[in-house]
Amino acid sequence: MGTDMPPLTRIASLLYEAVHHTRKTVDEAVRGHGVTVSQWAVLERLARRPGLSGAELARELLLTPQAAHQTLTTLVRKGLIERRPDPNHARIYRAVLTDEGRRLAELCRADSRAIHRQVLAAFDEDERATLIALLQRYVDALAALE
């Protein structure tokens with residue numbers, strides 16, 4: 001990508017590239033543990049918020065209900081989560097991590113953190129703080145449009 005793009009196009013392009021490369025790099029790392037980055041995202045969310053339903057996971061992770069169901073089914077098959085009936089709603093199942101799911105989520109989290117530490121080492125402390133502040137303002141401005 002050339003630097004002769006208009007600034008707005010360049011910003012959007014760089015944000016897209018950052019997300020793309022982050023996802024690709026983290027996906028390669030977690031695949032070594034037998035999961036995709038999407039599956040790890042579900043494990044990570046359930047580590048923080050056990051007992052979410054498939055619909056809740058879909059909303060929180062911006063997945064289609066079908067994609068959430070497929071991911072949950074795969075994770076159950078791998079023995080990483082269990083789905084338990086909701087005591088108040090016969091048609092709702094709540095997902096929780098198994099011991100193996102918790103262990104795997106932590107391994108993937110450690111790999112992701114190591115990647116991000118390595119990348120962010122290119123910035124000094126002040127630059128990291130500035131990057132965080134600017135990205136937060138960008139996210140807040142986008143959220144205000146919703």
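Scroll up to find the structure this text is about.
Computed from a prediction, not measured in an experiment: that's the story for all the values here. Position numbers for residues count from 1 along each chain, tracking the sequence in the order it is written. Local features in a predicted model are, by the rule used here, given only for residues with pLDDT of at least 70; side-chain atom pairs are given and counted only at 80 or more, and totals for whole chains, interfaces and linings are based on all residues. Note that the side-chain values use all heavy atoms of the structure and ignore hydrogens as well as water.

Caption draft 1: Representation of the overall build of the protein chain. If you tally the helices and strands in the protein chain, you get 6 helices and 3 strands. Going along the chain from the N terminus, every DSSP run of H or I of four or more residues is numbered as a helix, and every run of E of two or more is numbered as a strand. Its helices and strands in sequence order give the protein chain the pattern α-α-β-α-α-β-β-α-α, from N to C terminus. Along the three orthogonal principal directions, the C-alpha set of the protein chain runs to about 55 × 35 × 25 Å. A simple rule labels every residue: compare its accessible area, found with a 1.4 Å probe on the protein chains alone, to the largest value its type can have, and call it buried under 20%, exposed over 50%, or partly exposed in between. Looking at the protein chain residue by residue over its 146 residues, the buried ones come to 27%.

Caption draft 2: How the structure looks around the environment of Ala110. Topologically, Ala110 is positioned in helix α5 (residues 99-120). Classification of Ala110 as partly exposed rests on a relative accessible area of 33%. C-alpha of Ala110 to C-alpha of Val30: the two residues are 80 residues apart in sequence and 9.8 Å apart in space.

Caption draft 3: A look at the sheet that holds strand β2 (residues 81-86). Read from one edge to the other, the open sheet built from 3 strands follows the order β1-β3-β2, with strand pairing classed as antiparallel. A strand with exactly one partner marks an edge of an open sheet, and here the two such strands are β1 (52-53) and β2. Strands β1, β2 and β3 (89-97) of the sheet are contacted by helix α2 (residues 37-48), whose axis makes an angle of about 100 degrees with β3. What makes two strands pair is DSSP finding at least two bridges between them. It only takes one pair of heavy atoms within 4.5 Å for two residues to be counted as in contact. Here the axes come from fitting lines to C-alpha atoms, over the contacting stretch only for helices, and the angles between their N-to-C directions go from 0 to 180 degrees.

Caption draft 4: Looking closely at the packing of α2 against helix α4 (residues 65-77). Interaxial distance between α2 and α4 falls to 10 Å at its minimum, and their mutual angle equals 80 degrees. Here α2 is positioned roughly perpendicular relative to α4, judged by the angle of their axes. In contact with Ser38, Gln39, Val42 and Leu43 of α2, α4 contributes Thr71, Leu72, Thr74 and Leu75. As a working rule, the residues Ala, Val, Leu, Ile, Met, Phe, Trp, Tyr, Cys and Pro are called nonpolar, Asp, Glu, Lys and Arg charged, and the rest polar, with Gly in that last group. In the contact of α2 with α4, the residues fall into 4 nonpolar, 4 polar and no charged. Roughly parallel refers to an angle under 35 degrees, roughly antiparallel to one over 145, roughly perpendicular to one between 65 and 115, and oblique to any angle outside these ranges.

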